[in-house]
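Below, each chain spelled out in residue letters.
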Amino acid sequence: ASLLTAAPHVRFGPAFDEYVHHHRIVAGLVDDLVVGTFEQITTDFGAVTDRVNRRFGTSFARFEQTPENVERVFARIDAHYAVLYGDRATERVVPRPSAARKAEKAWLTEQLTSPRHATRLAAARDVYEELAARSS
């Protein structure tokens, strides 16, 4: 759904194919990286940073998920996309939560989970679950 929101010109079938292709490549590299699910990245990035630091002996500062810090991140995203898109930096383009993106995601999820996409959805879920199992 995120890919289709960011690239509305992409059709559903190729979006599934790209997702599976990309994540299969990542799965082949999993011993050389730290995996974080979308949920982990968006709700507890500090824990993901801790795992990166432990795995690679780094000392990146931990992101604390406070309302103030999240708002600062969103402000930086907005500023970055304002530079890139100017007055075309709409809710649809800027990659952060919004009412418009939530509604679009709900519609896209309904479409993507329809029976006509069952085979591709199963392949996408399989590769997701393979990677998600490595995210702790």
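Let us look at the structure shown here. Quantities reported herein were computed from a predicted structural model and do not represent experimental measurements.

Analysis parameters
Residues numbered from 1 in each chain as written. Predicted model: local features only at pLDDT ≥ 70, side-chain atom pairs only at ≥ 80, totals over all residues. Heavy atoms only, no water. Core = buried A, V, L, I, M, F, W, Y, C linked by side-chain atoms within 4.5 Å. Buried < 20%, exposed > 50% of the residue type's maximum accessible area, 1.4 Å probe, protein only. Helix = DSSP H or I, 4+ residues; strand = E, 2+ residues; numbered from the N terminus. Contact = heavy atoms within 4.5 Å. Salt bridge = Lys/Arg side-chain N within 4 Å of Asp/Glu carboxyl O.

### A few points about the nonpolar core
One broad rule of soluble globular proteins: the nonpolar side chains tend to lie buried together.
Right, on to step 1. In this structure, Leu4, Phe12, Ala15, Phe16, Val20, Leu108, Leu112, Leu121 and Ala124 together form the largest nonpolar core, which totals nine residues.
Right, on to step 2. Per-element accounting of this core gives the leading share, four residues, to helix α2 (residues 12-28).
Right, on to step 3. Leaving out residues up to four positions away in the same chain, Leu108 has contacts with Ala1, Leu4, Thr5 and Phe12.

### A closer look at the pattern of salt bridges
Right, on to step 1. Across all of its chains, the model carries five salt bridges by this definition.
Right, on to step 2. The shortest N-O distance in the salt bridge between Asp31 and Arg134 comes to 2.9 Å. One end of the pair, Asp31, is in the loop between α2 and α3 (38-43); the other, Arg134, is in the segment after α7 (118-132), with 103 residues separating them in the sequence.
Right, on to step 3. Relative accessible area serves as the criterion here: at 42%, Arg134 is assigned to the partly exposed category.
Right, on to step 4. Across the pair Glu64 and Arg62 runs a salt bridge, and its minimum N-O distance is 3.7 Å.
Right, on to step 5. Overall, the relative accessible area of 36% leaves Arg62 in the partly exposed class.
Right, on to step 6. Taken together, the salt bridges that share partners define one network made up of Asp50, Arg62 and Glu64.

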